[in-house]
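# Chain and residue survey
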Amino acid sequence: MTPQERVRALVAAAREVADKDSPVGKRVRARWLETTGLSREGIELAVENSLEISPSEAEIEQLITSVPTSKRAWVLLSANVFVASHRALALALAGSERVLVRVSRRDPVLTAALFEACPGLFEITSELMPARGDVFWAYGKKDTLRTVQANLPVGVQFLGHGPGAGAALLELSDATVEEMQTQAQGLVLDTVLFEQRGCLSPRVVLVTGSTKEVNRFAECVVAELTSLGKRVPRGELSLDEQADLVRFCDTLTYVGKVFETEAGIVALSQSASLSALTPVGRAIHIQHVEEPILPLARIGHVLTSVGFFGSETLRSQLVRTLPKARVTALGEMQRPPFDGPVDLRQR
Amino acid sequence: MRAATLEESDALHREVRVFAAGQSRSTFDELALRIARFQATNIAGFRQLVTRSGSLLDSVEAIPGVPSDAFKLTRVAVHPPELDVVRFRTSGTSAEAQGVHALRSTLTYSALSERCGQRALMSEGAAVVVALTPEPNDPVGSSLVFMMREFMRRFDPNFTPEGTASKEPPFERWLFGKEGVHLAGFERARSYASQAQRPLLVLATSLALWQLLEQLEGVHFPLPASSIVMHTGGPKRRSVDLDPGDLRARLALSFELDPGQIVGEYGMTELCSQLYEGTAHGVSLKGPSGVFVPPAWLRVTPVDPLHLRPVEPGTVGLARFVDLGNVDSAVAVITQDLIRARDGGIELLGRQPGAVARGCSLAIEALLEGAE
């Protein structure tokens, strides 16, 4: 099979999994309810928005050129967001005829389903034995990646992808109410997807504009979060995640203003300090700042993606400052083009 | 800031110092509530926290704790910046904003820290005091270094303010530089203390003491009888791997002191009071090793991280401090330090790590690790 054929075969398998009426589609949904911590609606939202089942031919070509080639590739998967193994497999298949995958014990569902839907396309293994000339794709925590890389034989090409976070930047000067609503809708969608547990999920929101504009935008975000929250109930949060939200709420109550809704939390402050990321679980901290680029530059090493709304001048400045982050429209942060790894920091 | 507010603040400061001296008619609870109401009147953020919590500020337990993160994100003070006399800053990485605790007066801070130190570190009338930290510039931005200088001033009769050095002995007091601990300077201080027949009081972070042990390469460095080494956590993230029990044993061996003379201190930039182990001989503070005892004007309670209510006795919780010294900032502070109440004090059990990152998101704290 050519690289194109391998990737297309995988995408076709993903399409079958995404179909909630197919046998495999029904089975994975039941398992995802157990493994993801998301609500049934949250799972469906993620499948609809973030499982890449119809990439363009141009994207597939770009994906193929973005990866190194080898006869054999190994993939070490971690408990990532539950759709992530699709792209991880596509990257390996784009560059290698033979792909061996070790699945995550905590999140094996999609990989197993793709294996079932397209038998023979890749192999599932419990032992990783790379040799000179192989490519080794690894996903996981930084410490795991360091250990894995340190123990690889000479001549194995290592491609590691660690955790990350997304940010949003909005320039609201002169934005219309309709524009604010659209941007709020996008931001809320990006936030609700995976309950902010993805490496593309917005955990920092910086906004420029007048106080009136920023307040109006915050109101729009609260309205959109409430609205989407009714359709997509929040999933389960661990006790530690709940505790982080309590601390976030108390801190932001002191620092600014907090809108607590059943669907999640929106906070508004004038602090430019990015001393901590917003916790996961539908928490949005809108920080009204005068100068947004410098604070983002300080945390540039963790940023994989920036959802952006504003002038071309500010966009250029942002792209120059964060060349390895994907800059996208809000609402598109969790569905980057199928053109290579979602996280470009290793580039 | 209104004159009446300043007067009220001054009166509360005076009252807290009197309380610390054991001469106040007010109880701890009465004073804490007066300070909390004063802060609710004069700090919008705290007022919002009180309103949201539904507290009537009618008991100490009902005072909402200000999360220590707030010090990083905003100003936590009754008074405006132009009245600051010092701004103590938390240690931090380049990515992390530093927390700031701004004080309008250092009188209360000095009085309280001196009393805390006196009862834990001073067995005799006077000591020779040195610090294993670089000499500070003015204004001092570290509460720990400020406290060290206060201890030199209060506990060492040879200490005089800079510029009037006629009484200064022939040794340096600030014994840390780019090369680590100034061993020659440390030797001069030890000789001087021996000749003067006074104990040496060594003030240091745990990190500096580990550095000293490495520099000594196993060679003993006996200190005069009754000497005390005060160690404190220093940079939190770096101290994680340093075992306090191991440090104590190795320092005691090297300095030829009883292990009880190695005394742990716990303080935070966000607080005006400190806790100590009460293990040294001849001091008034008594307590077992590993237990940090608060003074009468500081109440520490382990609380559960979800509801912020006191946990069952013997259970681990987040540290909630009610510090009467924090007249102009936050009388109640919630930290991420995990503690357990024991023997009239607390055990320190590290930092609440925050939720374990699921998916490929970053844990909250991971942002602070800096670029690779």
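Worth saying up front: this structure is predicted, and the values here are computed from it rather than measured.

## Digging into the confidence of the model for chain B
Any region with low pLDDT has predicted coordinates that should not be read closely. Residue and element names in this part refer to chain B. On average, residues of chain B carry a pLDDT of 89, and 89% of them reach 70 or more. When pLDDT is averaged over each helix and strand of chain B, the minimum, 46, is found for helix α9 (residues 236-239) and the maximum, 98, for helix α2 (residues 28-42). Confidence drops under a pLDDT of 50 for residues 235-240, and excluding neighbours within four residues, the segment shows 10 contacts in the predicted structure.

## Remarks on the side chain of D190(A)
All names here are of chain A. In this structure, D190 sits in helix α8 (residues 177-192). Although buried, D190 forms no salt bridge, and the nearest oppositely charged side chain, R335, lies 6.6 Å from it. What D190 contacts, discounting residues up to four positions off in sequence, is S201, P202, L330, G331, E332, M333 and Q334.

## A look at the nonpolar core
Judged by nonpolar contacts, the single largest core of 89 residues is most densely connected at F46(B), I63(B), L121(B) and Y276(B). Ranked by size, the runner-up nonpolar core spans 82 residues in total, among them V83(A), L121(A), L187(A) and F309(A).

## Thoughts on the pairing of strand β14 (residues 332-342) of chain B
Residues and elements named next belong to chain B. Burial of β14 is extensive: eight of the 11 residues sit out of reach of the surface. Two elements, strand β1 (residues 66-67) and β14, share two bridges in a ladder whose sense is parallel. What sits directly across from V66, in β14, is V333. As judged from the five bridges shared by strand β13 (residues 317-323) and β14, these two strands associate in the antiparallel manner. Bridging from a neighbouring strand, R320 pairs with I334 of β14. Bridging between β14 and strand β15 (residues 345-351) involves five bridges; their strand directions are antiparallel.

## Topic: the sheet that holds strand β2 (residues 96-102) of chain A
Two modes of strand pairing occur in sheets, parallel and antiparallel, and in both the strands are linked by backbone hydrogen bonds. Residues and elements named next belong to chain A. The sheet built from five strands is open, its strands ordered β3-β2-β1-β4-β5 with parallel pairing. Looking along the sheet, the strands with just one partner apiece sit at the ends: β3 (123-124) and β5 (157-161). Pairing of strand β1 (residues 70-76) with β2 involves six bridges; the strand directions are parallel. Looking at the pairing, R72 lines up with R98 of β2. Seen against the sheet, helix α5 (residues 84-95) touches β1, β2 and β4 (135-139) and runs at an angle of roughly 150° to β2.

## So, the pairing of β5(A)
Residue and element names in this part refer to chain A. Most of β5 is tucked away, with four of its five residues classed as buried. Alignment of β4 against β5, held across five bridges, turns out to be parallel. Residue pairing for β5: F136 is matched across the bridge by F158. Between the parallel pair β4 and β5, the chain is carried across by helix α7 (residues 142-150), and the sense of this crossover is right-handed.

## What about the sheet that holds strand β8 (residues 257-261) of chain A?
All names here are of chain A. If you walk across this open sheet you meet the seven strands as β8-β9-β10-β7-β6-β11-β12, and the pairing is mixed. The sheet is open, and its two borders are formed by β8 and β12 (326-329), each paired with just one other strand. Looking at each pair of strands side by side, their axes are set apart by 20° on average, direction ignored. Inspection of the sheet shows strand β6 (residues 165-171) paired to strand β11 (residues 303-309) by six bridges, in the parallel sense.

## A short note on unusual backbone geometry
A cis geometry characterises the amide bond from D138(B) onward to P139(B), with omega recorded as -5°. The residue P139(B) is located in the loop between β4 (128-131) and α6 (143-155) in this model. Although it is not a glycine, E195(A) adopts a positive phi angle of roughly 50°. Within the secondary structure, E195(A) sits in the loop between α8 and β7 (202-208). A positive phi angle, close to 50°, is found at L57(B), a residue other than glycine. Along the chain, L57(B) turns up in the loop between α3 (44-53) and β1. Residue classification places L57(B) among the buried positions, given a relative accessible area of 6%.

Thresholds, definitions, all that
- Residues numbered from 1 in each chain as written.
- Chains lettered and ligands numbered in written order.
- Predicted model: local features only at pLDDT ≥ 70, side-chain atom pairs only at ≥ 80, totals over all residues.
- Heavy atoms only, no water.
- pLDDT = per-residue confidence, 0-100.
- Helix = DSSP H or I, 4+ residues; strand = E, 2+ residues; numbered from the N terminus.
- Contact = heavy atoms within 4.5 Å.
- Buried < 20%, exposed > 50% of the residue type's maximum accessible area, 1.4 Å probe, protein only.
- Lys, Arg positive; Asp, Glu negative; His and termini not counted.
- Salt bridge = Lys/Arg side-chain N within 4 Å of Asp/Glu carboxyl O.
- Core = buried A, V, L, I, M, F, W, Y, C linked by side-chain atoms within 4.5 Å.
- Pairing = 2+ DSSP bridges.
- Axes fitted to C-alpha atoms, helices over the stretch in contact; angles between N-to-C directions.
- Right-handed = clockwise from strand over helix to strand, strands pointing away.

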